[in-house]
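# Chains, contacts and geometry: an overview
Single-letter residue listing:
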Amino acid sequence: MLEQLAEQLKKVKDEAERLLAESKTIEAIRQAESRLMGKQGPLGSLLGQIGKLPAEVRGAAGKEINQAKARITELFAAAKTALEQAADKQASAEQTFDPTLPGPVVPRGSVHPVTAVQWEVEEIMARIGFVVVGGPELETDYYNFEALNIPAMHPARDMQDTFWLTNGWLLRTHTSPCQVRAMLRLGPPLSIIAPGRVFRYETEDASHANTFHQLEGLMIDRHISIANLIAVMKLILTEIFHRDIKVRLRPGYFPFVEPGFELDMQCGICGGSGCPTCKRSGWIEILPCGMVHPNVLRSGNIDPHEYTGFAFGLGLTRLAMMKYGVADIRGLNSGDLRAIIRPEQRSGAAIIDKD
Ligand code: PHE
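All values derive from a computational prediction rather than experimental measurement. (Residues numbered from 1 in each chain as written. Predicted model: local features only at pLDDT ≥ 70, side-chain atom pairs only at ≥ 80, totals over all residues. Heavy atoms only, no water.)

### Observations regarding the packing of helix H2 (residues 26-37) against helix H3 (residues 42-49)
As a reminder, the rule being used: Here an axis means a line fitted to C-alpha atoms, over the contact stretch when the element is a helix, while the angle between two N-to-C directions is reported on a 0 to 180 degree scale. A run of DSSP states H or I qualifies as a helix once it reaches four residues; a run of E qualifies as a strand once it reaches two. Both are numbered from the N-terminal end. Throughout, the term roughly parallel applies to angles under 35 degrees, roughly antiparallel to angles over 145, roughly perpendicular to angles from 65 to 115, and oblique to all others. In what follows, residue pairs with any heavy atoms lying within 4.5 Å of each other are defined as contacts.
Look at H2 against H3: their axes get within 4 Å of each other, and the N-to-C directions meet at 30 degrees. Classified by the interaxial angle, the pair formed by H2 and H3 is roughly parallel. Contacts from Arg35, Leu36 and Met37 of H2 reach H3 at Pro42, Leu43 and Gly44.

This is how it looks when you write it as structure tokens:
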């Protein structure tokens, strides 16, 4: 009786081994296991018969069967573990992580060319003690014209076509209103720059826009002269263009400066011999400037007998166009990324911007 049982159990074990050899997946192993151990399966039915065996062999037979069951269960568990480990190993071989590899290069945004030159000028001016101030884009007639020695009906008002509001206010036509605002706020001596947006009622073309950027400069102290003005203008241009810049002064008329100048720089494209960029003159008009008019100092509550000063109005938009070779001003205001990308970004070089 027991020998017969041993025979049967050996068959079951052989069957288990055969099934395991065939099973290539965990699911297949599970199925084989339940086929073997299930009530209908060879081991399951043997287990079910223990109770019906004659009492004298029941104990020994039960022990044998249960031992066989434990061995077979173990075999199946080991096979499952082996398969799981192999799967893990393969998965980790497929997704390796190397912390020494450089990270993916994420294309990053940058600032507008006008902002880039603005920051550059701000840094240059900060080095020689100028502070940055602001002013409102929506101005009053007083600060934009009147306080700058341009009374109502003065023909110079026509120099700057103005967007008027129905309440008599206006969109500032230049950053010069920041001059008197700064004088009243800070008092003399003072050295300020005021970058910002300005507006002109203009028909737009490649070199004219109704919205553009200027950077006003104003320095007031005792004994400020034209020599100081020229020195500061030369410094700005030399630093911006990274080369020594030759400049010349021509008389220029602006009611808020006396004398007033147009400061030209020697054309960097032809070196002064004449080319299409400088309209064959060898010079490029870049910086309107002059000595602050006594009436303007008075508007700012400053005594013109004690103090003098110079002022300049740098065209930031124009400077950005020159520096970055932008041919059409409309591109700069369009929001079209192709038009405002800077050459150093095009070449893929690292760009370090203030964030
Ligand atoms: N505000 C003048 C303009 O926009 C420029 C300027 C500024 C001229 C300061 C002289 C001094 O045309």
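From this point, the discussion proceeds with the structure in view.
### Notes on unusual backbone geometry
So the rule is basically this: The classification of residues rests on relative accessible area computed with a 1.4 Å probe and restricted to protein chains. Under 20% of the type maximum is buried, over 50% is exposed, and intermediate values are partly exposed.
Of note, the amide linkage connecting Pro188 to Pro189 takes the cis form, showing an omega dihedral of -10 degrees. Its location among the elements puts Pro189 in the loop between helix H7 (177-186) and strand E4 (190-199). In the segment running from Glu258 into Pro259, the intervening peptide bond is cis, with an omega of -5 degrees. Here Met153, not a glycine, exhibits a phi torsion of approximately 75 degrees, which is positive. Topologically, Met153 is positioned in the loop between helix H6 (141-144) and strand E3 (170-171). With relative accessibility at 80%, the residue Met153 sits in the exposed group. Of note in this structure, Lys279 is not a glycine but carries a positive phi near 50 degrees. By the element assignment, Lys279 lies in the loop between strand E7 (257-266) and strand E8 (283-292). Judged by its relative accessible area of 74%, Lys279 is exposed.

### Points about the sheet that holds strand E9 (residues 308-315)
This is how it is decided: Two strands qualify as a pair provided that DSSP identifies no fewer than 2 bridges between them.
A sheet is described by the order of its strands in space; here seven strands give the open sequence E1-E4-E5-E9-E8-E7-E6, paired in mixed fashion. Strands at the two margins of the open sheet, each flanked by one partner only, are strand E1 (131-132) and strand E6 (247-251). In the sheet, strand E5 (residues 211-221) pairs with E9 via eight bridges, with the strands oriented antiparallel. Looking at E9, one finds that Leu218 is bridged to Ala311. Across the sheet, helix H8 (residues 226-241) lies against E6, E7, E8 and E9, angled at about 30 degrees from E9, the strand it touches most.

### Considerations on the packing of aromatic side chains
Selection rule: Paired rings are identified among Phe, Tyr and Trp, the last through its six-membered ring, by centres lying within 6.5 Å, and are further divided according to the angle between planes into stacked (under 30 degrees), edge-to-face (over 60) and tilted (the rest).
If you walk through the whole model with that rule in mind, you get five aromatic pairs. Taking the centre distance of 6.2 Å and the plane angle of 35 degrees together, the rings of Phe145 and Trp164 count as tilted. Placement of the pair is Phe145 in the loop between H6 and E3 and Trp164 in the loop between H6 and E3, with a sequence separation of 19 residues. For Phe145, a relative accessible area of 1% corresponds to the buried category. Trp164 sits in the partly exposed class, given a relative accessible area of 44%. With centroids separated by 6.5 Å and ring planes inclined at 25 degrees, the aromatic side chains of Phe310 and Phe312 adopt a geometry described as stacked. The residues Phe310 and Phe312 share a single accessibility class, namely buried.

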